[in-house]
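# Working through the structure, step by step
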Amino acid sequence: MPRIVVLVFTVLAAACTTAYVVAVDSSPRTQSAAESVEVLLDPPTRPYRTLALIEIGGEASPSAKQLMARARIEAAKLGGQAVIISPGTKRDVAFSARVIEYLDHTSADAGQATEH
């Protein structure tokens, strides 16, 4: 039950935002859960691949929480494991994000890393 509440809140929080997505790697991937997407302020030390670049903003001055929720939703749709956040450079863009997937797999799928 708590998972449903988190999902509903995430969707509602992201509703006031807009996202512009540019795919860098269009290889098909399984969609991930938005709540599992990490939000990073600096590039990770682990090896990674960029899947897409996104710009997140909104007309009604959305909160940072709403913007982060939208970034996580967009990354999850692309099968991303994390987003690296940087400040936006346009008037209507709150921040830009790089959607990434890790190239090393440290969980149960260790040793099965493949280049896409």
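In short, a report on the structure. From a predicted model like this one, the values you see are computed outputs, not experimental measurements.

## A short note on the overall build of the protein
Counting its regular elements, the protein contains two helices and five strands. Scanning the protein from its N terminus toward the C terminus, one meets helices and strands in the order α-β-β-β-α-β-β. Taken across its 116 residues, the protein has 35% of its residues classed as buried.

## Let's talk about a nonpolar patch on the surface
Taken together, the side chains of Val22, Val24 and Leu53 define a hydrophobic patch exposed on the protein surface, amounting to about 260 Å² of accessible area. Position of Val22 relative to the elements: it lies in strand E1 (residues 18–23).

## Brief notes about the pattern of salt bridges
All told, the structure shown has seven salt bridges when counted by the stated rule. Note that Glu74 is salt-bridged to Arg70, the shortest N-O span being 2.9 Å. One end of the pair is Glu74 and the other is Arg70, both in helix H2 (residues 64–77) and four residues apart, which spans about a single turn. Both residues of the pair, Glu74 and Arg70, count as buried. Look at the salt bridges and you will find they share partners, linking Asp25, Arg29, Arg49 and Glu101 into a network.

## Describing the nonpolar core
With 16 residues, the main nonpolar core has Ala71, Val83, Phe95 and Val99 as its most contacted residues. Mapped onto this core, the elements with two or more residues apiece are strand E3 (48–57), H2, strand E4 (82–87) and strand E5 (95–102). For this core, the element with the highest residue contribution is H2, accounting for five residues. What Val83 contacts, discounting residues up to four positions off in sequence, is Val37, Glu38, Val39, Leu40, Ala71, Ala75, Ala97, Arg98 and Val99. Leu40, Ala82, Ile84 and Tyr102 belong to the second-largest nonpolar core, a separate cluster that totals five residues.

## What about the packing of aromatic side chains?
Applying the stated criterion across every chain yields a total of zero aromatic pairs. The lysine or arginine in question, Arg46, covers the ring of Tyr102, its NZ or CZ lying 3.7 Å from the ring centre.

## So, the side chain of Arg29
Relative to the helices and strands, Arg29 resides in the loop between E1 and strand E2 (38–40). Looking at Arg29, its side chain comes within polar contact range of the side chain of Asp25, at 2.9 Å.

## Some details on the sheet that holds E2
Strand pairing in a sheet relies on backbone hydrogen bonds, with the paired strands running either antiparallel or parallel. With respect to topology, five strands assemble into an open sheet ordered E1-E3-E5-E4-E2, the strand pairing being mixed. Of all the strands in the sheet, just E1 and E2 have a single pairing partner and so form its edges. Across the sheet, the mean angle from the axis of one strand to that of its neighbour is 25°, orientation sign disregarded. Examined bridge by bridge, E4 and E5 share six bridges and lie antiparallel to one another. Residue Val83 lies in a different strand from E5, and its bridge partner there is Val99. The strands that H2 touches are E1, E2, E3, E4 and E5; relative to E3, the one it contacts most, it runs at about 140°.

Cut-offs applied
- Residues numbered from 1 in each chain as written.
- Predicted model: local features only at pLDDT ≥ 70, side-chain atom pairs only at ≥ 80, totals over all residues.
- Heavy atoms only, no water.
- Helix = DSSP H or I, 4+ residues; strand = E, 2+ residues; numbered from the N terminus.
- Buried < 20%, exposed > 50% of the residue type's maximum accessible area, 1.4 Å probe, protein only.
- Patch = residues over 30% accessible without salt bridge, like charges linked within 9 Å, V, L, I, M, F, W, Y side chains within 5 Å.
- Areas by Shrake-Rupley, 256 points an atom, 1.4 Å probe, with all protein chains shown as cover.
- Salt bridge = Lys/Arg side-chain N within 4 Å of Asp/Glu carboxyl O.
- Core = buried A, V, L, I, M, F, W, Y, C linked by side-chain atoms within 4.5 Å.
- Contact = heavy atoms within 4.5 Å.
- Phe/Tyr/Trp six-rings, centres within 6.5 Å; stacked < 30°, edge-to-face > 60°.
- Lys NZ or Arg CZ within 6 Å of the ring centre and 35° of its normal.
- Polar contact = N/O pair within 3.5 Å; in protein donor to acceptor, adjacent residues only side chain to side chain.
- Pairing = 2+ DSSP bridges.
- Axes fitted to C-alpha atoms, helices over the stretch in contact; angles between N-to-C directions.

By themselves, these observations are geometric and do not establish any function.
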